[in-house]
Amino acid sequence: MIEAEGLERRYPGFRLFLDRLEARPGEVLAVVGPSGAGKSTLLRLLAGLEAPDRGRLRRRGPAVYLDQQPYLLERTVLENAAFGLRLKGWPAARARVRAREWLERVGLSGLAARPARGLSGGERVRLALARALAVEPAALLLDEPTANLDPANVARIEALIGAERAAGRAVVLVTHNLFQARRLADRALFLLEGTAVEAGPAAAFFERPADPRTRAFLSGAMVW
Amino acid sequence: MNEVLEITLRSLGVSGAATLIAAAFGLPLGLWLGARGAGRLARSLLYAGMGLPPVVVGLFFYFLFSRSGPLGGLGLLYTLPAVAVAESVLAFPLIAGFTMAGVASRAEGVRRLVKSLGGNELQAFLTLLAESRRVVVAALAAGFGAVISEVGAVTIVGGDIRHATRVLTTAVVLETRKGELERAAVLGLLLLGVTLVVSGLLVVFGEREAA
């Protein structure tokens, strides 16, 4: 679970401010908004990769952030999957056993001995997910995990996200794909120019948005 | 010993020594600058250093080591150690610069990955070192390639003395001037072969652990 209150981050010419945000266990919170709205900055703040200028942030349990283009080490697929566990001090053999289990779950067990840098786009994201999930995080922070992927990989990754939600993990999903947000989200948040315009349960958010700017964004009338 | 073999071994030895000296200073500097983010001044200086004219470096060390120069008492002019030092100055910015650029391109991704998985700054730095093996190999290959093929500084500081400071490049120049083009071509091919073999060995052994 992640709770944020009065979260503020300033850059020259940009200010992100969120009065309140919760990422609850067993829920997917979709963060949508135009480019430059501050979605990735928000994820990095929640992950602790950036420090807020003001506000309170509470994380119960580790939160793992998955970049838009996940960094894969110049090692094998298996070593990449085991990397987070090795950072936590797991012995190599035990970490490899656990990593193999996760590779199996993301459908990459057949590629375990391959160099990770040779994977396709969808395989790279699945490997990064396996690496992130192997450390059993309480929250998963995903920054456009299916951008530019083919439908088959999108379906696999969405299924994984659904399974993690069912397993009780809190998931924060930044996405430009509104259909995906509808499919996966329990709650949704619309960010515009660093400000939370509207947030709420997904059904109401997508079917009956209260704010005219949210309506404009969801209908495609807001050009960005 | 066959003179060609002698010249080849001397070239390898002096270029290897120059590369090692340059690497001893250039690798830590490049890693440090790449990991912490080098400022514009540091980047500009290193990139400018990559284009140092060998004859100017040679001339500098000639003045330094000549009898009336500040280090003339050491008697190093026209010796292999002087050549190695001058060539290490040419290799240093190449090794530091290539290392810096390669490490910098990985630093943010590695740091973000390690931190996002709950690791600390030290683990991020150690991971960055491990991830930079190919960068180091490329930097060493560039440094070695530059010094073994260099002719300006080695002529000025070494003097191209037979059985003392003659190396493959100066031998090629000499044979060409003498009109012994066939011999010059053989030496040139030998120089290419040596560079190729050393680069190949660097890649094979330097990247052996990498997937």
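Chemist: With reference to specific residues and values, describe helix α3 (residues 54-65) of chain B.
Modeler: All names here are of chain B. Along its twelve residues, α3 runs 16 Å from first to last C-alpha, staying within 8% of the 16 Å computed at 1.5 Å per residue. Three or more residues of α3 are buried, namely Pro-54, Val-57, Gly-58, Phe-61 and Phe-65. The buried residues of α3 all sit within an arc of 100° when viewed along its axis, so they share a single face. Against the buried residues of α3 lie α4 (80-116) and α7 (152-158).

Chemist: Which residues make up the domain arrangement of chain A, and what values do they have?
Modeler: Residue and element names in this part refer to chain A. Per the domain assignment, the segments of chain A are domain 1 (1-62 + 137-224) and domain 2 (72-135). Distance between the C-alpha centres of domain 1 and domain 2: 26 Å. Opposite the twelve residues of domain 1 that make contact, domain 2 presents ten residues. Here the element with the most residues in the side of domain 1 that touches domain 2 is helix α5 (residues 151-166); it accounts for five residues. For the side of domain 1 that touches domain 2, the residue count by class is seven nonpolar, two polar and three charged.

Chemist: Just give me the short version of the nonpolar core, but keep the residues and values in it.
Modeler: Within the largest apolar cluster, 130 residues are counted, with the highest numbers of intra-cluster contacts made by Leu141(A), Val172(A) and Ile95(B). Ranked by residues supplied to this core, first place goes to α4(B) with 20 residues. Sequence-distant contacts of Ile95(B), defined by excluding residues within four places in its chain, comprise Ala22(B), Ala23(B), Gly26(B), Leu27(B), Gly30(B), Ala139(B), Leu140(B) and Gly143(B).

Chemist: I'd love a proper account of the environment of Arg56(A), names of residues and values included.
Modeler: Residue and element names in this part refer to chain A. Note that Arg-56 resides in strand β4 (residues 54-59). Spatially, the C-alpha atoms of Arg-56 and Glu-5 are 5.1 Å apart, while their sequence positions differ by 51 residues. If we skip the residues at most four places from it in the chain, Arg-56 touches Ala-4, Glu-5 and Gly-6.

Chemist: Describe unusual backbone geometry, naming the residues involved and giving the relevant values.
Modeler: Positive phi, close to 45°, is recorded for Glu144(A), a residue that is not glycine. Looking at the element boundaries, Glu144(A) is found in the loop between β6 (139-143) and α5. With phi around 60°, His163(B) is a residue other than glycine that occupies positive phi space. Mapped onto the fold, His163(B) is located in the loop between α7 and α8 (168-178).

What counts, and where the lines are drawn
- Residues numbered from 1 in each chain as written.
- Chains lettered and ligands numbered in written order.
- Predicted model: local features only at pLDDT ≥ 70, side-chain atom pairs only at ≥ 80, totals over all residues.
- Helix = DSSP H or I, 4+ residues; strand = E, 2+ residues; numbered from the N terminus.
- Expected span 1.5 Å × (residues − 1).
- Buried ≥ 20, exposed ≤ 12 C-beta atoms within 10 Å, placed from the backbone.
- Arc of directions from axis to C-beta.
- Contact = placed C-beta atoms within 7 Å.
- Domains from an automatic or database assignment.
- Nonpolar A, V, L, I, M, F, W, Y, C, P; charged D, E, K, R; others polar.
- Core = buried A, V, L, I, M, F, W, Y, C linked by C-beta atoms within 7 Å.

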